[in-house]
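This is what each chain is made of:
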Amino acid sequence: MSKKYNVAIVGATGMVGNEFIRILEERNFPLKEIRLLASGRSKGKILQFKGKDYKVEELGKDSFENIDIALFSAGAGISKEFAPIAARSGAVVIDNSSAFRMEPDVPLVVPEVNPQAIKKHQGIIANPNCSTIQMVVVLKPIHDVANIKRIVVSTYQSTSGWGKEAVDQLWQETEEISNIKHQTSSIKVKDLKLKAKKALPYQIAFNLIPHIDIFMPNRYTKEEMKMVNETRKIMEDDSIMITATCVRVPVVRSHAESVNIETEKKLNAEEVIDILKNTKGVEVIDDPKNNRYPIPIDSEYKDASFVGRIREDESVENGINLWIVSDNLRKGAALNAIKIAELL
Ligand SMILES: NC(=O)c1ccc[n+]([C@@H]2O[C@H](COP(=O)([O-])OP(=O)(O)OC[C@H]3O[C@@H](n4cnc5c(N)ncnc54)[C@H](OP(=O)(O)O)[C@@H]3O)[C@@H](O)[C@H]2O)c1
């Protein structure tokens, strides 16, 4: 008889929390008991799991009694306070926040890339940033063959990456805008003065915001530096040069990335396509003749990291351009964490 586990979800009412529930159902995880935790605001709220009602409990110091695996997705502050408590009470924590990712004794794991790292855990395992996960799954097999020396990445990140309040902002702004009678020839979107509550620094509907997370002293954002530092840690190679620009876009779900790499060994586009077609967790959609390439709305609720627009960078010796799209809530968060739990 196979063993079954008691699992707690911290942040069960959030965007990632919802996805945890959906994926645990879909993958038939060997569950004995599920405990759904959130803030006091959600205490008593009913969520469904496999057709049964479960009451959301308020997170507290006693929430982890008899829990084997604790999936955290309630922000870094909550993780810093409660993940050590969960680990001390015997649970293995898989944390979606940035709280522990760069701690030397905390493994930062993408199961398709560095599953071996999991063995070193001391109670807490970190799940990487969403934009990093979908990129490293694609780049690792190329690195293994041709040694990537430099990565230049520009992201187009969906609003759900900033949680449920950001998604509400996008929908409300879009609704407001659609109710405004406009004259195509003279419209100035800034003058619309939308009333929707802002979770993001600026209006996101009909706009782009080159600002994700806080600004750092080096003028990069924290999100951009997460891509730099986490990629090196997961690929176990500090020599890779990486620069990132992260942009929020008015897409509900799924991040897209334009990725330019320079390799030591020359690869042509067909060789890269061949490598990626044989990579677990990656799906190649690359058919320019038929206008086929990955787009966010096609990758919603799917498990793969989709890659297309694969072509040689003709401005350097050994360069390749790629376009990578993946569901940030799924591949970039909940699915990766549950695959770590399955590895455990
Ligand atoms: N969204 C993504 O694509 C993504 C990807 C990777 C990692 N992450 C990380 O996952 C975490 C959650 O992101 P999200 O997008 O799911 O955010 P979200 O939709 O805003 O949900 C936040 C969750 O945290 C809970 N929470 C907030 N304050 C709490 C408190 N004091 N005690 C207990 N629970 C509390 C909320 O509960 P209430 O409903 O009760 O407020 C809610 O369940 C963040 O650390 C984020 O960086 C997100």
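Please refer to the structure placed before this passage.
Quick caveat: nothing in here was measured; it's all calculated off a predicted structure.

1. What about the packing of helix H3 (residues 130-146) against helix H8 (residues 330-343)?
At a minimum axis distance of 8 Å, the contact between H3 and H8 shows a crossing angle of 85 degrees. Considered as vectors, H3 and H8 are oriented roughly perpendicular to each other. Here H3 contributes Cys-130, Ile-133 and Val-137 to the contact with H8, which in turn contributes Lys-331, Gly-332, Ala-333 and Asn-336.

2. Let's talk about the packing of H3 against helix H5 (residues 222-235)
Remark: H3 packs on H5, axes separated minimally by 10 Å, with the N-to-C direction vectors making an angle of 40 degrees. Overall, the two elements H3 and H5 adopt an arrangement that is oblique. The way H3 lies across H5 gives a crossing that is right-handed. Contacts between H3 and H5 involve Ser-131, Thr-132, Met-135, Val-136, Leu-139, Lys-140 and His-143 on the former and, on the latter, Glu-223, Lys-226, Met-227, Glu-230, Thr-231, Ile-234 and Met-235. The residue inventory of the contact of H3 with H5, partitioned by class, reads six nonpolar, four polar and four charged.

3. Quick look at the site of the ligand
Taken together, 26 residues are adjacent to the ligand, and Thr-13, Ser-39, Arg-41, Ser-42 and Lys-164 come closest. In the environment of the ligand, an oxygen atom lies 2.9 Å from a nitrogen or oxygen atom belonging to the backbone of Val-16. Contact with the protein chains hides 81% of the accessible area of the ligand, taken as 900 Å² for the molecule alone. At the level of elements, helix H1 (15-26) and H8 are the ones that each hand at least two residues to the shell around the ligand. Here the residues of the shell around the ligand sort into 10 nonpolar, 14 polar and two charged.

Conventions used here
- Residues numbered from 1 in each chain as written.
- Predicted model: local features only at pLDDT ≥ 70, side-chain atom pairs only at ≥ 80, totals over all residues.
- Heavy atoms only, no water.
- Axes fitted to C-alpha atoms, helices over the stretch in contact; angles between N-to-C directions.
- Helix = DSSP H or I, 4+ residues; strand = E, 2+ residues; numbered from the N terminus.
- Parallel < 35°, antiparallel > 145°, perpendicular 65-115°, else oblique.
- Contact = heavy atoms within 4.5 Å.
- Left-handed = near helix turned anticlockwise from the far one by under 90°.
- Nonpolar A, V, L, I, M, F, W, Y, C, P; charged D, E, K, R; others polar.
- Near = heavy atom within 4 Å.
- Polar contact = N/O pair within 3.5 Å; in protein donor to acceptor, adjacent residues only side chain to side chain.
- Areas by Shrake-Rupley, 256 points an atom, 1.4 Å probe, with all protein chains shown as cover.

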